[in-house]
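# Reading the structure
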Amino acid sequence: MRTIECPNCGAPATNLQNCNFCGSLLVRFADKGIDLSTTSYLNNDAVLPGLINQLEKNLSLQESGKTAATDLYINDPQMELGKSQFCFVTSANGLVFQDDQPAFPDADEVSLATDFVFNIYQDKTLSPIEIERHNRFKSLASFPLFTPHATSGSDINGDDLISYEYAINFGKDIEGTARLISEISNKVFDFDLGQPLDCYTNEYEEVQRHRESIGIYTLGQDGINWKKWVWIGIAIVGGLIYLFS
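Here goes a summary of the coordinates provided. Just so we're clear, the structure is a prediction, and the values are computed from it rather than from any experiment. (Residues numbered from 1 in each chain as written. Predicted model: local features only at pLDDT ≥ 70, side-chain atom pairs only at ≥ 80, totals over all residues. Heavy atoms only, no water.)

### Focus on the state of the cysteines
- Tallied over the entire structure, the rule returns 0 disulfides.
- Just so you know, C6 is unpaired, no disulfide at all, and the nearest cysteine sulfur is the one on C22, 3.7 Å from it.
- Judged by relative accessible area, C6 falls into the buried class, the value being 1%.
- No disulfide involves C9; its nearest neighbouring cysteine sulfur is the one of C22, lying 3.7 Å away.
- You can call C9 partly exposed: its relative accessible area is 37%. (Disulfide = S-S within 2.5 Å. Buried < 20%, exposed > 50% of the residue type's maximum accessible area, 1.4 Å probe, protein only.)

### Considering the pattern of salt bridges
- Under the defined criterion, the tally for this structure stands at 9 salt bridges.
- Here D71 and R211 are joined by a salt bridge, their closest N and O atoms 2.6 Å apart. Residue D71 is found in strand β3 (residues 68-75), and its partner R211 is found in helix α5 (residues 204-213); the two are separated by 140 residues along the sequence.
- Residue classification places D71 among the buried residues on the basis of a relative accessible area of 0%.
- On the basis of relative accessibility, which here comes to 5%, the residue R211 falls in the buried class.
- Ionic pairing is found between D190 and R136, a salt bridge with its closest N-O pair at 3.0 Å. Placement of D190 in the loop between α4 (174-187) and β8 (199-203) and of R136 in helix α3 (residues 128-138) is noted, with a sequence separation of 54 residues between them.
- Salt bridges sharing partners connect three or more residues here, namely E132, R136 and D190. (Salt bridge = Lys/Arg side-chain N within 4 Å of Asp/Glu carboxyl O. Helix = DSSP H or I, 4+ residues; strand = E, 2+ residues; numbered from the N terminus.)

Following this line, the structure appears as structure tokens:
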């Protein structure tokens, strides 16, 4: 049985997803030979203030038998209220892609997971910021840890696009989750780590009501005409997996 020295606790881990001893997901980086000394993943210096507490609440709700969710918001001048949801954290076995396929069908019930989505139009002049964000995301040291998924379709104006999704099951590693999400917030979505955290955690139904109360609608509720989607995810995912290899 293969073992790896856990970068977090130094124990000989045999679980290469989350360390058997401390639960850290940093063993995944060691497994892939990624040099952690060049990243911000070894401590909490670059973690969004308050995010760890929100994720602790998320896991606590799950452990009490609730379906928990955490929303993170960023400033977005294109939205009516000036902000939009960019990250959604829930249990890994409850996370689904845009085409309703489960991201991690065999995952444990109590865990943390998220899925980042980048909608890239065939017409590159439409939403160029998405192309920029997508490229930034692919340059991160954590990029190889994500499960890729993609679908093709069109928006309500008939403009063709591909929705690139990247899901990750963090297990129960709260600090590892906070570190990776914080880096993506900062390096991909330009969120200043010194700003107050705009975040909400509760049971999933309450999170939905909170979104409605502040005028936030996630992808699939508006903007994309899902009835027009033509699912070609298998072919695209195959290409993405090739890029990962």
